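Each chain, written out:
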There are 2 protein chains.
Amino acid sequence: MPTIKDVAKLAGVSASTASRALHNNSMISEATKERVRKAMKELDYSPNYSAQNLVKRESNTIGIVLPVRENQESLGNNPFFMQIIQGITSICTEQDYMVSLASGRSDQELIKTIQTLIKSGNIRKFIFLYSKKDDPAFDVIQKEGIPCVVVGQAYGVANAETMFVDNDNFQAGQDVTQFLLERGYRHQLFLYTDLDEMVQMERYKGYLAFMQDQGLEPLSFQLSRIDEAETKAKLQAFLEANAFIEAMISCDDMIAVRVQRLLEWMGYEADRFAMISFNNTMVTELAKPSLTSVEIFPYLLGEKAAGLLLDERAESSQNLYLLPHQIMERGSTPGL
Amino acid sequence: MPTIKDVAKLAGVSASTASRALHNNSMISEATKERVRKAMKELDYSPNYSAQNLVKRESNTIGIVLPVRENQESLGNNPFFMQIIQGITSICTEQDYMVSLASGRSDQELIKTIQTLIKSGNIRKFIFLYSKKDDPAFDVIQKEGIPCVVVGQAYGVANAETMFVDNDNFQAGQDVTQFLLERGYRHQLFLYTDLDEMVQMERYKGYLAFMQDQGLEPLSFQLSRIDEAETKAKLQAFLEANAFIEAMISCDDMIAVRVQRLLEWMGYEADRFAMISFNNTMVTELAKPSLTSVEIFPYLLGEKAAGLLLDERAESSQNLYLLPHQIMERGSTPGL
């Protein structure tokens, strides 16, 4: 492998000049930099990151932190993660950055991996693919004062340099409500499993705000996470007591498909209720009728997160970056 | 941060002895190694990988190569990748290895990333999460003679040190056929989209072998990848011409769900045909009836792949490692 000395020799400069040129030092003239670049190219010289890392004490690597998984299935069944990761790697490839992963089966294991990346890998830039309350892994990064971007919204206290990239779930909640209303559905039911989850809460608040703004009565129903027969009985009683309901908003596609099945089990016609949901995953096409759903562009979330870390966040002192979403219309919202 | 010199001082040995102990050099006694380990622990000393990498010219990192994606959706919708990656990171965390990702939107971009990992990241161990014919990214690794494991089976020529980790798709094809036969289904139809895909071909060959072995007539149908109305018309004509068919084997869960919808569209009762498929993804629960499917344990594929790279492959000269699968029984195969 060629060294910086080989490059310097070919460019006709000293090794230290070549090195300064390589690091774009302002003391070196453009003409010299150009000669050095040409020599690098000719020799197929690639700076040794290990050597650079020793000097900089920071590697050209972004660490991606995955949530602790309770079982082997949990993450694999969420297509977001892979798409966000691909957005991140796309930006990193362009800028000659590498991407390392931190994951674990427990908080302790995850923290151990993060510490290895910091201490041994000299990684000083992290992206969290999740946000949750009182997360000890997040605390480790915060205490070290290491720049990081969270894909998701803020829980609790974060350093001033921590950034957040997310969809505007409140706005999306308003948008789906308006979308249904424009199609004639005035009596809308909001379906959720857990309002302690920030994403569900924000979507619900958007729904509430829009309904109240229109002078319409909001209505919500919580699905049990566990017992399907019990959920069916409760939902059936609820729908009979509120027979005026015309449309349903589900907090995500999986909830929507689950409710479609419950409704069929109860004997309702497939077109009795309009249905709209969030995330636009592949199950929208498997649903019956196919589901109108909100695309949240996870790939773009990943690109934005990496961009914020690598472009040194320009001048802005902004901390939260909200990315657009888009309603993808399918058969489940034909209009009244 | 403590250095190896601090460790040496506390352990009462020279820096070079401490370093040799750290690298488990056989010249150093167990007692000394134990003293050095204790000192490392007390000081919370962590070897600087960048420094080690300079000496070893090999970093404690495994590079994971993702397939080139044609669009942003493709990978995200395949839950295997995330599960395989989690299996890999799990082993790496245990052994203080880091995990880097290589991905790209084109062969060129992917190759550029791989070369960055090799040259600048000093990575000398790779895992391919896919195998495909005439893959230029795979060729780069092969030409460099870098140890790698492919999750999938061999296409074409590979170096002797290249290893393959896969499910036994041929055996799985036999197993589902036998499973259906044991439940009384003698007239089985095999559904596929593309037999050029090795996985589909192997599963099909297993089906063929078992049917022929039993003196039963094999029957297969290729679904078009594109036109759904045309596929419906062809499948309908096929089923009418072969009204004796009792059960179907689908090459994967998505095909099975798609065929369930086509059958419903044609007016068949949901229980007219038994159905079994492969991969045991989350859509098996969304299917109607819920799908019996073959679990292929992607997490274990990842663990095995990493284990083979890190444990230096023991003495065995074996190149292909086949991992077990398991039929998960659900409502779609009640028995005749």
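Since the structure is predicted, the reported quantities are computational estimates derived from the model, not experimental observations.

Draft legend 1. Spatial organisation of the pattern of salt bridges. Evaluated as defined, the whole model comprises 24 salt bridges over all chains. The salt bridge partner of Glu94(A) is Arg105(B), with a shortest N-O separation of 3.6 Å. Taken as a pair, Glu94(A) in helix α5 (residues 79–94) and Arg105(B) in the loop between β2 (98–102) and α7 (107–119) lie in two separate chains rather than in one. Among the ionic pairs, Glu329(A) bridges to Arg183(A), the shortest N-O distance being 3.3 Å. Here Glu329(A), found in the segment after β12 (326–328), pairs with Arg183(A), found in the loop between α8 (169–182) and β6 (188–192); they are 146 residues apart in sequence, far enough to count as distant. Salt bridges sharing partners connect three or more residues here, namely Glu30(A), Lys33(A), Glu34(A) and Arg37(A).

Draft legend 2. Region of the structure containing helix α3 (residues 30–43) of chain A. Residues and elements named next belong to chain A. Relative to the 20 Å expected for 14 residues at 1.5 Å per residue, α3 spans 20 Å between its end C-alpha atoms, a close match to the ideal helical length. Of all the positions in α3, only Thr-32, Lys-33, Val-36, Ala-39 and Met-40 are classed as buried. Buried residues of α3, viewed axially, fall in a sector of 125°; they line one side. Exposed and oriented more than 90 degrees from the buried face of α3 are Ala-31, Lys-38, Lys-41 and Glu-42. Buried-residue contacts for α3 involve α1 (4–11) and α2 (15–22).

Draft legend 3. Up close: the sheet that holds strand β12 (residues 326–328) of chain B. All names here are of chain B. Strand order in the open sheet formed by six strands is β7-β6-β8-β9-β10-β12, and the pairing between neighbours is mixed. Since the sheet does not close on itself, it has two edges, and those belong to β7 (220–222) and β12, each with one partner. Strand-to-strand twist in this sheet, taken as the mean axis angle between neighbours without regard to direction, amounts to 20°. Alignment of strand β6 (residues 188–192) against β7, held across three bridges, turns out to be parallel. Paired with Tyr-192 across the strands is Gln-222, a residue of β7. Those strands touched by helix α9 (residues 169–182) are β6, β8 (247–250), β9 (274–278), β10 (292–295) and β12, and its axis lies near 160° from that of β9.

Draft legend 4. View of unusual backbone geometry. With an omega of -5°, the peptide bond running from Lys288(A) to Pro289(A) counts as cis. A positive phi angle is found at Asn122(A), which is not glycine, with a value near 55°. Residue position: Asn122(A) is located in the loop between α6 (107–119) and β3 (126–128). On the accessibility criterion, Asn122(A) (0% relative accessible area) is buried. Unlike most non-glycine residues, Asn280(B) shows phi in positive territory, near 50°. Looking at where Asn280(B) falls in the secondary structure, it is placed in the loop between β9 and α13 (283–286). On the basis of relative accessibility, which here comes to 11%, the residue Asn280(B) falls in the buried class.

Rules and cut-offs
Residues numbered from 1 in each chain as written. Chains lettered and ligands numbered in written order. Predicted model: local features only at pLDDT ≥ 70, side-chain atom pairs only at ≥ 80, totals over all residues. Heavy atoms only, no water. Salt bridge = Lys/Arg side-chain N within 4 Å of Asp/Glu carboxyl O. Helix = DSSP H or I, 4+ residues; strand = E, 2+ residues; numbered from the N terminus. Expected span 1.5 Å × (residues − 1). Buried < 20%, exposed > 50% of the residue type's maximum accessible area, 1.4 Å probe, protein only. Arc of directions from axis to C-beta. Contact = heavy atoms within 4.5 Å. Pairing = 2+ DSSP bridges. Axes fitted to C-alpha atoms, helices over the stretch in contact; angles between N-to-C directions.

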